[in-house]
Amino acid sequence: MEHLLRGKFRRVVINTSNFRKYGQHNVNSNRVCLLWTGRILERSIPRSIFYSKNQRREYGMFVVRALRGVLKIRYLLLGGAVAGGSALNQKYQEWRDGLPDLKWLNDVLPDNNRWQEWRGSLVDMKDNIKNNIEIDPRLKALTEAKYKDFKNWFDQRLEDAIQAAEQSESNTSNIQGYHQNLLLIIDRLYSEVKKEFKDKTTVYAKPFTQDDKSKKSEQERLNNLQDEMMLTQIKYQKELEKLEKENKELRKQNLLLRQGKKPLTRKVKRSLIDMYSEVLDELADFDSGYNTQDQLPRVVVVGDQSSGKTSVLEMIAQARIFPRGAGEMMTRAPVKVTLSEGPYHVAQFRDSNREFDLTKESDLAELRHEVELRMRNSVRGGKTVSNEVISMTVKGPGIQRMVLVDLPGIISTQTTDMASDTRECIKQMTQAYMNNPNAIILCIQDGSVDAERSNVTDLVASCDPSGKRTIFVLTKVDLAEENLANPDRIRKILSGKLFPMKALGYFAVVTGRGRKDDSIQTIKDYEETFFTSSKLFKDGVVRSTQVTTRNLSLAVADCFWKMVKETVEQQADAFKARRFNLETEWKNNFPRLRELDRDELFEKARSEILDEIVNLSQVSPKQWEEVLTTRIWHNMSDKVFENIYLPAAQTGSSETFNTAIDIKLRQWAEQSLPLESVESGWQTLESEFLKFFDKAKSTPDHDDIFDKLKEAVVNEAMIRHTWESKASEMLRIIQLNTLEDRTIGDKRDWDAAVKFLESSIKDKLKQSEGILKELIGPSTKERWLYWQYQTDVQSRRNFVKSEIDKILYSNENHPPDLSYDELTVIKNNVGRNNVEVDNDFIREVWEPVYRRHFLHKALGRAYDCRKAFYLYHQQMESDCGDVVLFHRIQQMVKVTANALRQQITNREARRLDKEIKEVLEEYSQDSNKKETLLIGRRVTLAEELKRVRQIQEKLEEFIQALNKEK
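Residues numbered from 1 in each chain as written. Predicted model: local features only at pLDDT ≥ 70, side-chain atom pairs only at ≥ 80, totals over all residues. Heavy atoms only, no water.

Turning next to the overall build of the protein chain. The secondary structure content of the protein chain amounts to 33 helices and 12 strands. Within the protein chain, counting contacts between residues at least 6 apart in sequence, those at least 24 apart form 79% of the total. Carbon and sulfur atoms make up 49% of the accessible area of the protein chain, which totals about 55800 Å². (Helix = DSSP H or I, 4+ residues; strand = E, 2+ residues; numbered from the N terminus. Contact = heavy atoms within 4.5 Å. Areas by Shrake-Rupley, 256 points an atom, 1.4 Å probe, with all protein chains shown as cover.)

Pasting the structure below:
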């Protein structure tokens with residue numbers, strides 16, 4: 001046993017039954033002994049046990065454990081393989097989901113069955129050709145060698161393409177489909193090459209002859225065949241390179257998508273003519289005193305009305321884009337048309353994103369309607385024509401790049417439906433465009449009318465007497481040929497000998513057959529047919545380069561770009577100098593301010609206004625109630641005194657006084673009081689909001705350029721702001737309940753009511769004193785000390801006042817009206833001083849004098865009622881009904897102010913915030929409002945400087961692109 005275990009480390013489980021036989025009862029049921037080189041580490045167990053009858057069982061356990069260890073390795077390997085396969089499958093699914101979807105190739109390319117049928121047909125055709133046509137042996141050997149080389153080269157390229165695709169996108173169903181489609185494409189190219197090769201071989205496979213001439217022709221055919229094979233090889237090599245490039249781009253896009261990045265998009269490169277058109281648009285909107293907007297070249301189309309100038313422009317643009325009318329003026333405003341070449345024939349307005357497809361008649365009709373609508377909208381104030389430019393772009397295949405401006409036709413007679421200054425406006429507009437020294441004048445003359453009736457030629461001659469920038473166009477030549485008996489007249493026109501004007505070139509065109517439905521292509525065909533069969537050609541009157549709109553458009557475009565290249569840098573320098581001057585003026589006048597245009601200033605003002613709205617929410621409830629209380633009493637005090645208190649108090653009876661007060665208060669609460677309270681709340685909200693603006697004006701950094709805009713925004717918002725309709729109904733209920741309460745609970749409320757009564761009477765008394773002073777003029781003291789004088793009327797009123805004071809002194813409780821006898825006494829007494837007055841004059845003085853007298857009495861009663869709360873509380877008789885009245889009014893004002901404060905803080909302030917934001921948003925879209933409300937040299941200088949910079953930058957960008965194209 002020791003020999004077997006020597007040098008090994010083992011675990012042995014000893015049967016516990018043998019331990020019990022030797023008296024070891026405290027040993028566990030499964031005791032473990034550690035053996036090392038036969039030495040027993042557990043000293044308490046006798047060595048003889050290991051040589052007992054259990055020796056065979058130990059050997060069996062050892063074998064079982066060894067087998068179990070071997071089987072455990074198998075399970076580990078199997079489990080690892082399963083787990084690894086699961087993890088690998090998960091990684092594969094994640095990578096597969098990140099690949100781009102290439103299922104669209106299945107819709108583009110045919111399926112495998114059709115390709116196999118096509119290839120089978122090619123193989124059958126190859127066999128038929130091979131069996132039926134015998135090829136010259138020398139030619140066959142040469143072609144087979146070339147074919148073999150080409151096949152090896154193509155097979156190598158095919159393998160490279162497949163390997164490149166498999167390295168990046170293998171093991172997925174989508175990419176397998178991509179591989180399959182790629183192989184089908186390449187197989188198709190390969191089959192086409194083989195087919196083309198065999199076709200070429202078959203074409204030149206003829207019986208070989210020994211003739212020298214035949215040998216020479218055969219050699220030439222072989223050379224041609226070799227060249228064509230080389231071209232075909234280059235062609236399909238480019239196709240393969242293109243496919244590889246697209247495959248690489250797809251892999252790059254896939255990588256970016258997997259990384260969560262957005263694929264890079266290429267910036268669309270603008271054409272030269274589009275860049276130049278943008279410069280012209282900027283200049284058209286730029287209001288400059290130096291007329292710099294007229295110094296850049298453009299083609300100005302001028303002519304008499306109905307001379308065909310619009311038709312010429314349509315022929316150059318290759319589309320019927322303008323509205324037409326029978327004898328009616330259709331062109332009412334300048335139309336700037338930017339022509340450029342493009343893959344699709346489309347038109348688009350400058351301020352719109354919609355593209356009109358000029359190949360569709362429906363889009364053409366909508367475009368013509370839109371042009372007519374814009375022309376009519378541009379005419380305002382009873383005018384017939386407008387200077388407002390309508391800008392549009394036309395792109396299409398074969399269109400020459402240029403910028404044309406179509407102007408209203410020159411008229412000789414004004415009709416009754418035109419404005420009185422129409423003819424002069426058209427003439428001034430035409431001259432303004434033609435006086436541009438760099439403008440190209442396209443002078444349109446109707447060939448079907450007498451030359452003596454032309455108005456445009458004299459106008460053009462006055463603007464360009466040397467003719468260095470004028471191109472003359474004679475329209476309706478087909479009608480001229482029919483009407484003119486002598487064709488020599490046309491020859492004189494086209495040679496520049498008939499009209500008193502000079503031009504760079506003379507052209508004859510036909511722009512229609514008099515039918516509205518004719519397409520541009522139909523007119524072109526008619527034009528070519530006419531000039532081909534015309535007598536003008538046959539007799540040598542007209543040269544071929546002087547006819548057709550195509551030759552005209554080429555000549556105009558060439559002249560246009562020549563003028564642009566010669567003058568654009570000069571104009572850029574002019575704007576650079578203008579920019580320097582404006583920047584210098586800004587630094588001198590506004591050195592510490594930023595250059596903000598109207599839009600930027602408006603945004604700054606918007607933020608300040610919105611900040612003030614936020615400040616409105618910071619007003620405390622106590623402050624709201626104080627200002628509301630003041631405003632409410634200020635608005636209703638006159639009504640309380642004139643309609644309620646004075647009429648009731650002048651009755652002289654306490655019972656009648658209380659009854660009249662109750663009736664009048666209830667009527668007031670049920671009718672007008674709620675609406676008057678709402679009006680007071682609206683005024684308080686407005687005044688508190690304006691206080692923040694007034695407070696901001698006193699700050700050191702206040703900018704007064706925004707004051708007019710802020711005031712207009714707040715006024716507009718307050719006009720739109722209306723109080724909630726249910727608010728007045730709620731106020732009516734609480735006001736009615738408050739006014740019906742006649743009880744005064746404690747001395748503090750009594751004292752507050754007395755104080756309120758006294759202050760109110762004093763205010764009214766002060767007003768009455770002021771009114772009376774205006775009636776009687778300066779007092780004796782003022783007349784002596786300040787050298788002031790009474791007028792004759794004021795002197796008469798002073799006499800009457802003295803008599804009235806005597807009456808009131810004798811009877812303090814005098815009723816509010818004078819009796820007839822009293823009027824007579826006053827009249828007689830005043831007459832003794834040689835002053836004549838009538839009854840109305842006396843009553844006019846009586847009212848303010850009596851009011852002052854009554855208010856003095858009421859103020860005295862208020863003083864007496866300060867200590868009358870005990871009598872009121874004990875329900876003893878006291879002449880303090882007016883104190884109770886003003887207590888009721890005071891409590892009503894308090895609850896009304898509290899209710900209005902809640903309405904303001906909970907709803908009305910937010911509604912006002914919303915309305916101000918709406919007004920600001922409307923004003924931000926209205927350029928006229930900005931120009932009206934944001935004024936001053938600082939604003940106009942910043943606007944001009946910004947526009948000059950934009951124009952200069954666009955000009956420099958255009959010059960750089962122009963130089964690159966050169």
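As for its placement among the helices and strands, Arg-332 is situated in the loop between helix H10 (309-317) and strand S5 (335-341). The spacing of Arg-332 and Asn-387 is 55 residues in sequence and 8.7 Å in space, taken between C-alpha atoms. Residue contacts for Arg-332: discarding those within four places in its chain leaves Met-375, Arg-376, Val-379, Thr-384, Val-385, Ser-386 and Pro-408. In terms of polar contacts, Arg-332 uses its side chain to reach the backbone carbonyl oxygen of Thr-384, at 3.3 Å. (Polar contact = N/O pair within 3.5 Å; in protein donor to acceptor, adjacent residues only side chain to side chain.)

Another aspect to go through is the nonpolar core. One finds Tyr-645, Trp-750, Val-800, Leu-885 and Ile-916 to be the most contacted residues of the largest nonpolar core, which totals 102 residues. Broken down by element, this core gets its largest block of residues, 17 residues, from helix H31 (residues 881-925). Among residues more than four places away in sequence, those in contact with Trp-750 are Ile-744, Cys-865, Arg-866, Ala-868, Phe-869, Tyr-872, Cys-880 and Val-883. Val-371, Leu-552, Ile-951 and Ile-959 belong to the second-largest nonpolar core, a separate cluster that totals 66 residues. (Core = buried A, V, L, I, M, F, W, Y, C linked by side-chain atoms within 4.5 Å. Buried < 20%, exposed > 50% of the residue type's maximum accessible area, 1.4 Å probe, protein only.)

Below, the discussion takes up the state of the cysteines. As used in these notes, a disulfide is a covalent bond between sulfur atoms, one from each of two cysteines. All chains considered together, the criterion is met by one disulfide. One disulfide in the model links Cys-865 with Cys-880; its S-S distance is 2.0 Å. Judged by the sign of its S-S torsion, about -105 degrees, the cystine formed by Cys-865 and Cys-880 is left-handed. Remark: Cys-880 occurs in the loop between helix H30 (869-873) and H31 and Cys-865 occurs in the loop between helix H29 (839-864) and H30; sequence separation between them is 15 residues. You'll find Cys-865 and Cys-880 in the same group, each marked buried. (Disulfide = S-S within 2.5 Å.)

The backbone of Gln-318 shows a phi angle near 65 degrees, a positive value even though the residue is not glycine. The backbone of Lys-476 sits at a positive phi, close to 55 degrees, despite the residue not being glycine. Here Lys-476 is to be found in the loop between strand S11 (470-475) and helix H14 (477-483). Looking at Lys-476, the relative accessible area reads 24%, which means it is partly exposed.

Okay, the environment of Thr-791 next. Residue position: Thr-791 is located in the loop between helix H26 (780-785) and helix H27 (792-810). Sequence separation between Thr-791 and Leu-775 is 16 residues; the distance between their C-alpha atoms is 10.0 Å.

This part takes up the packing of aromatic side chains. Scanning the model with the defined rule gives 20 aromatic pairs in all. Its end group placed over the ring of Phe-841, Arg-796 keeps NZ or CZ at 4.7 Å from the ring centre. Looking at Lys-930, its charged tip hangs above the ring of Phe-602, at a distance of 5.4 Å from the centre. (Phe/Tyr/Trp six-rings, centres within 6.5 Å; stacked < 30°, edge-to-face > 60°. Lys NZ or Arg CZ within 6 Å of the ring centre and 35° of its normal.)

Right, let's get into the pairing of S11. Buried residues dominate S11, accounting for six of its six residues. Alternating positions in S11 separate into two faces, Thr-470, Phe-472 and Leu-474 on one and Ile-471, Val-473 and Thr-475 on the other, with burial throughout. The pairing of strand S10 (residues 440-446) with S11 spans six bridges and is parallel. Bridged to Leu-442 within S11 is Ile-471. On the question of chirality, the crossover connecting S10 to the parallel S11 by way of helix H13 (residues 456-463) is right-handed. (Pairing = 2+ DSSP bridges. Right-handed = clockwise from strand over helix to strand, strands pointing away.)

In this section: helix H23 (residues 707-720). Side chains that are three or four residues apart share a direction in an α-helix, a result of its 3.6 residues per turn. With 14 residues, H23 extends 20 Å from end C-alpha to end C-alpha; this agrees with the ideal 20 Å at 1.5 Å per step. Where H23 is buried, its residues meet helix H19 (598-616), helix H22 (673-697), H31 and helix H32 (927-933). (Expected span 1.5 Å × (residues − 1).)

A few words on the pattern of salt bridges. Side chains that differ in sign of charge can pair as their charged atoms come close. The full count for this structure, using the stated rule, is 47 salt bridges. With a closest N to O distance of 2.9 Å, Arg-732 and Glu-729 form a salt bridge. Within this pair, Arg-732 and its partner Glu-729 are both found in helix H24 (residues 725-739), separated by three residues, close to a single helical turn. The shortest N-O distance in the salt bridge between Lys-747 and Asp-751 comes to 2.7 Å. In this pair, Lys-747 and Asp-751 both sit in helix H25 (residues 747-776), four residues apart, roughly one turn of the helix. Salt bridges sharing common partners tie together Arg-579, Glu-583, Glu-595 and Arg-949. (Salt bridge = Lys/Arg side-chain N within 4 Å of Asp/Glu carboxyl O.)

Per-residue pLDDT for the protein chain has a mean of 77; in total, 71% of the residues score no lower than 70. Across residues 261-268, where pLDDT falls below 50, the model places five contacts with residues more than four positions away in sequence or in other chains. Confidence drops under a pLDDT of 50 for residues 288-292, and excluding neighbours within four residues, the segment shows seven contacts in the predicted structure. (pLDDT = per-residue confidence, 0-100.)

Turning our eyes to something else, we now look at the layout of surface pockets. Looking at the largest pocket, its volume works out to about 900 Å³. Around the largest pocket, the lining comprises 36 residues; the ones closest to its centre are Ser-654, Phe-657, Asp-879, Cys-880 and Gly-881. At the level of secondary structure, the elements contributing two or more residues to the lining of the largest pocket comprise helix H20 (621-649), helix H21 (654-670), H29, H30 and H31. No other element matches the six residues that H21 contributes to the lining of the largest pocket. Its residues placed into classes, the lining of the largest pocket shows 15 nonpolar, 11 polar and 10 charged. (1 Å grid on protein atoms, 1.4 Å probe; cavity = no way out; pocket = protein on both sides within 12 Å on 5 of 7 lines; lining within 4 Å. Points joined across faces, edges and corners; volume = space filled by probe spheres on them. Nonpolar A, V, L, I, M, F, W, Y, C, P; charged D, E, K, R; others polar.)

This paragraph deals with the sheet that holds strand S6 (residues 346-349). Taken in spatial order, the nine strands of this open sheet run S7-S6-S8-S5-S9-S4-S10-S11-S12, and their pairing is mixed. Single-partner strands in this sheet number two, and they are strand S7 (356-357) and strand S12 (505-508). The sheet strands contacting helix H12 (residues 422-434) are strand S4 (299-303), strand S9 (402-406) and S10, and the helix crosses S4 at an angle near 145 degrees. (Axes fitted to C-alpha atoms, helices over the stretch in contact; angles between N-to-C directions.)

Checked against the element boundaries, Thr-430 lands in helix H12. Every residue in contact with Thr-430, bar those within four places of it in the chain, is listed here: Val-302, Leu-407, Pro-408, Ile-410 and Leu-459.

Here the focus is the packing of H20 against H25. Their axes nearest at 12 Å, the elements H20 and H25 cross at an angle of 85 degrees. Considering the angle they form, H20 stands roughly perpendicular to H25. Taking contact as the criterion, the partners of Trp-633, Ser-637, Asp-638, Phe-641 and Tyr-645 in H20 are, on H25, Phe-756, Ser-760, Ile-761, Lys-764 and Gln-767. Split by residue class, the contact of H20 with H25 holds five nonpolar, three polar and two charged. (Parallel < 35°, antiparallel > 145°, perpendicular 65-115°, else oblique.)

This paragraph deals with a negative patch on the surface. Together, Glu-655, Asp-864, Glu-877 and Asp-879 give the surface a local cluster of negative charge. On the basis of relative accessible area, Asp-879 is assigned to the exposed category, the value being 54%. (Patch = residues over 30% accessible without salt bridge, like charges linked within 9 Å, V, L, I, M, F, W, Y side chains within 5 Å. Lys, Arg positive; Asp, Glu negative; His and termini not counted. Charge placed at Lys NZ, Arg CZ, Asp CG, Glu CD.)

For the rest of this paragraph, the subject is the pairing of S6. Examined bridge by bridge, S6 and S7 share two bridges and lie antiparallel to one another. For Val-346, the partnering residue across the bridge sits in S7 and is Asp-357. Where S6 folds back on S7, the antiparallel hairpin that results is connected by six residues. Taken together, the four bridges between S6 and strand S8 (residues 390-396) define a ladder with antiparallel strand orientation. Within S8, the residue paired with Phe-349 across the bridge is Met-392.

Time to look at the environment of Arg-720. The residue Arg-720 is located in helix H23 in this model. Sequence separation between Arg-720 and Val-919 is 199 residues; the distance between their C-alpha atoms is 9.3 Å. Setting aside residues no more than four positions away along its own chain, Arg-720 makes contact with Glu-915, Val-919 and Glu-922. There is a polar contact of 3.0 Å between the side chain of Arg-720 and the side chain of Glu-716.

Residues Trp-784, Leu-785 and Tyr-786 make up a contiguous nonpolar surface patch of roughly 450 Å² in combined accessible area. Position of Leu-785 relative to the elements: it lies in helix H26. For Leu-785, a relative accessible area of 53% puts it in the exposed group.

A few words on helix H18 (residues 549-589). Counted at 1.5 Å a residue, the expected span for H18 with its 41 residues is 60 Å, and the 55 Å between its end C-alpha atoms agrees. At Thr-567, H18 shows its maximal bend, which comes to roughly 40 degrees. (Bend = angle between axes of the 7 residues up to and from the residue.)

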